[in-house]
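# Understanding the architecture of this molecule
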Amino acid sequence: MRIKGSKKPKWSNWLLNLSLLLVSIIWLTPLIMTLLLSLRPKKDSLGIGNPFFGTGVSLENFQGAFEAVPWLTYYGATLIFVFGVLSVQLITITLAGYAFARLHFFGKDFIFMLLLIQIMIPSAALLVPNFATVQSLGLFDTKWALMLPYLGSAFGTFLLRQTFRQIPRDLEDAGRIDGCNWFKLLQHIYIPSSISAYLAFSLTSISAHWNEFLWPLIITTSDENRVLTVGLSQLVRTSETGAQYGQISAGTLIVIAPLLILFLVFQRQFINSFLRSGLK
Amino acid sequence: MKFYRYFAALTAMVLFALLVAACGDNTTTTTSAVTTAASTTNASSTTAAAKATTASASSTTAAATTTNASSTTAAATTTTVAATGQVTEITFYFPTAVEGPITKTFDGYAAEFMKANPDVKVKTVFAGGYADVLTKIQTEVKGGGTTADVAIMLSTDLYTLADNDLVVPMETFIKDAKDGDTWLKDFYPAFLANSQANGKTWGIPFQRSTPVLYYNKDIFKEAGLDPEKSPATFKEMADIAQKLTKADGSRWGIKIPSDGFPYWLYQGFAISNGQNVVGDAANKVTFNTPAALEGLKNFQSLITDYKAMPKGVIVWGDTPKDFISGNAAMIYHTTGSLTSILSQAKFSVGVGFLPAGSKGYGSPTGGGNLYIMKKSSAEKQKAAFRFIQFLTQPDRLADWTQVTGYVAPRKAAWETDTLKKLVADKPQYGVARDQLQYAQKELATHEGAQVQQILGKAVQSVITGDKDPQKALDDAQKEADKLLADYKD
């Protein structure tokens, strides 16, 4: 019995692994293609030479990409933008999430509904009003201008409100009996129990703002305030001649490298956090 | 309980205040600088406006409407004006549409310009693709902000820009400039067609292009054709294409892309058959004329009759690659692709005019013009015009052509040693220039982007076999008429 029983799962395990391998190869294809294309000599069009490497491996695409764009400056601005936004967001969504989850105040449901509606408005529709606000604050072409529209997050507030609501009230009551004020409650009960939600939110926030293009393009003009996507677009915008895949691939790799490394390092935590928060 | 609630609210407010303070901290110094600058700029721009009033009637309104806006908001970038009282700072927005070190090249031009003109400071700003530049400028103007003083935008955006009151005509500047008229007359008329309207010059041709026929000389030789002679007429081209097509699909005789801006290459068909799809009027198109119909039928026949072109929409960006890999023996494409095709092709590349239709050669023009923004102060506009004149000096245009592959828009540029040598070494570069005598304006009207899309869709529906040419063009004409009915001229 035992031997038979253990044999069967082995066989199906093997099948499962094989199909997972296939799926992961399909998922990896774009990345591998990007890598191969970026290493292809510039003069090789797609039909020439070895289908994978062309006539040889060359770094001239990267060289071209580095000549065209001041990547290091853009990296700096992007990091400040993305993590600046995230750190403020974490504070605002915690406070707002707690308020909506546990406090009672006049018009709470109405305000919460307004907040949810805001999720549905595409950010492109707010381009002009946001611009006018930033302009009237005198912040045009600063890093503050980049960050300002994103400092609050309706999605994050919603996520944390839901997470906080799932925490049993008994815990809060126990904390209160022990003399916690609201800040201590957040510190000792709510925040530690919601780490996975925070991780999930941080991940979406980082990747969303890492990829932000139109707003940074419009609100900045100086190199020191511009982000990686704007740099990448200098390589991509070749509407008239058609795409130069090699250089686009090289630029793409330069832009996504930090995120990719970040993901590889924290892979397990990320996946766990998504599983736990029920976010897809 | 209540206490906690108030405390939470209070903390939130304090946090917000801190945040604002932090913002302020960063900018208080600049803000104060800006305010002082604003007051002085205010004065200078009013006097500038006053000057403009005496200059001409048309610019009076321009100056009057822009004074208050520019004096308060333009201050951010004009701190230096107030500081020294001499240097005018102008901002230049440019897009990229072709491969090449565009940003570096413009930075170089700006540095040269500033060296020669110490009283003007140019800030170059990359602003995405053509569409992004327009979005950026429109957002900035609508949002009451600072925008570019001079920018490169599509030549066909002329009516959109003029209708939205974003740009100023160049007449005053040309009159004031030394030899302004001779300078303007030196541009090719085909390029000026998309730059002038209502008797005024709204844009100055800069990065312009035109479609040409590329053909693979090696394949021509192999098939026993004269590789030095590009197909002269449509019939000749179609016959050759049919002959060079391999039944198994490994090689097509011709590929004419039909996505992205399908109306553009199609315009060549209409023009060469006797009538362009647009005339001088900006509220009228002629989509369903006999010439347009014949052109579209020719286009379609390459697929249906000659079977020399694959069925369905052909992707613009992939077409040069198909040509380079030998999958297409001939292609229609922009001259802007010449540099990259020459550097990548492992065979000898022939370039010819778009084949003639029933009424001779014909092609549209394309690309971007230099515009001066209406929102800028008169002083900045003048400086911007000097920068435009600098950019369009023959030597600089020659350099720009060499770097990018665009067709230098001035005759004098082709007399420079740089371009003479280029054409001597690679005669392919001269073809687009020679074709300009047969070129006409690109489709540009009010609501330009939408009208282009209407015609483009009509062309695509014929290519994919959804509609017959007559019906497609009739429908497109009706749709465009409806859209343009509100415009009086």
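Since the model is a prediction, treat every value here as computed from it, not as a measurement.

What counts and what doesn't
Residues numbered from 1 in each chain as written. Chains lettered and ligands numbered in written order. Predicted model: local features only at pLDDT ≥ 70, side-chain atom pairs only at ≥ 80, totals over all residues. Heavy atoms only, no water. Helix = DSSP H or I, 4+ residues; strand = E, 2+ residues; numbered from the N terminus. Buried < 20%, exposed > 50% of the residue type's maximum accessible area, 1.4 Å probe, protein only. Contact = heavy atoms within 4.5 Å. Areas by Shrake-Rupley, 256 points an atom, 1.4 Å probe, with all protein chains shown as cover. Buried area = accessible area lost by both parts, 1.4 Å probe. Salt bridge = Lys/Arg side-chain N within 4 Å of Asp/Glu carboxyl O. Polar contact = N/O pair within 3.5 Å; in protein donor to acceptor, adjacent residues only side chain to side chain. Nonpolar A, V, L, I, M, F, W, Y, C, P; charged D, E, K, R; others polar. Pairing = 2+ DSSP bridges. Patch = residues over 30% accessible without salt bridge, like charges linked within 9 Å, V, L, I, M, F, W, Y side chains within 5 Å. Core = buried A, V, L, I, M, F, W, Y, C linked by side-chain atoms within 4.5 Å. Domains from an automatic or database assignment. Phe/Tyr/Trp six-rings, centres within 6.5 Å; stacked < 30°, edge-to-face > 60°.

Now for the overall build of chain B. Across its full length, chain B carries 21 helices and 13 strands. For chain B, with 489 residues in total, the buried portion stands at 58%. For chain B, contacts bridging at least 24 residues in sequence account for 75% of all contacts bridging at least 6. As presented, chain B carries roughly 19500 Å² of accessible surface, and 56% of it is formed by carbon and sulfur atoms.

With that out of the way, let us pick up the interface of chain B and chain A. Buried accessible area, meaning the area lost when the parts come together, often serves as the stated size of an interface. Between chain B and chain A, the contact holds 55 residues from the first and 49 residues from the second. Of the roughly 4300 Å² buried at the junction of chain B and chain A (both faces included), carbon and sulfur atoms supply 61%. In this structure, the connection of chain B to chain A is made through one salt bridge. As a salt-bridge pair, D141(A) and K123(B) come within 3.4 Å of each other at their nearest N and O atoms. For the pair chain B and chain A, the interface holds nine residue pairs in polar contact (both at pLDDT 80 or more). Elements with a minimum of two residues in the side of chain B that touches chain A: α1 (2–55), α4 (102–116), β2 (120–126), α5 (130–142), α14 (319–324), β9 (328–334) and α15 (338–344) of chain B. Take the side of chain B that touches chain A: its biggest share by element is 12 residues, from α1(B). Taken together, the residues of the side of chain B that touches chain A sort by class into 20 nonpolar, 24 polar and 11 charged.

A word on the pairing of strand β10 (residues 349–352) of chain B. Residue and element names in this part refer to chain B. Neither face of β10 is exposed, since V349 and V351 on one face and G350 and G352 on the opposite face are all buried. Sheet topology note: the strand β7 (residues 211–216)/β10 ladder contains four bridges and is antiparallel. Bridge pairing in β10 places L213 opposite G352.

All right, on to a nonpolar patch on the surface then. The grouping of F105(A), F110(A), I111(A), M113(A), L114(A), I117(A) and I121(A) at the surface amounts to a nonpolar patch, some 620 Å² of accessible area in total. Here I121(A) is to be found in the loop between α4 (108–120) and α5 (127–136).

Core analysis: the largest hydrophobic core is formed by 125 residues, its most contacted members being W71(A), F164(A), F92(B), F106(B), Y214(B) and L370(B). Broken down by element, the residue count for this core peaks at 12 residues, all from helix α3 (residues 71–102) of chain A. Taken together, domain 1 (88–208 + 367–428) and domain 2 (211–364 + 446–484) of chain B each give at least three residues to this core, which thus spans both. When near neighbours in sequence (up to four residues on either side) are disregarded, F92(B) contacts F106(B), V122(B), K123(B), T124(B), V125(B), V150(B), A151(B), I152(B), L370(B), F387(B) and L391(B).

It is worth spelling out the packing of aromatic side chains at this point. Describing an aromatic ring pair means giving the distance of the ring centres and the angle of the ring planes. Residue and element names in this part refer to chain B. Counted according to the given criterion, the structure contains 40 aromatic pairs over all chains. Taking the centre distance of 4.7 Å and the plane angle of 45 degrees together, the rings of F94 and F106 count as tilted. Residue F94 is found in strand β1 (residues 88–94), and its partner F106 is found in helix α4; the two are separated by 12 residues along the sequence. As far as the burial class goes, F94 and F106 line up, both buried.

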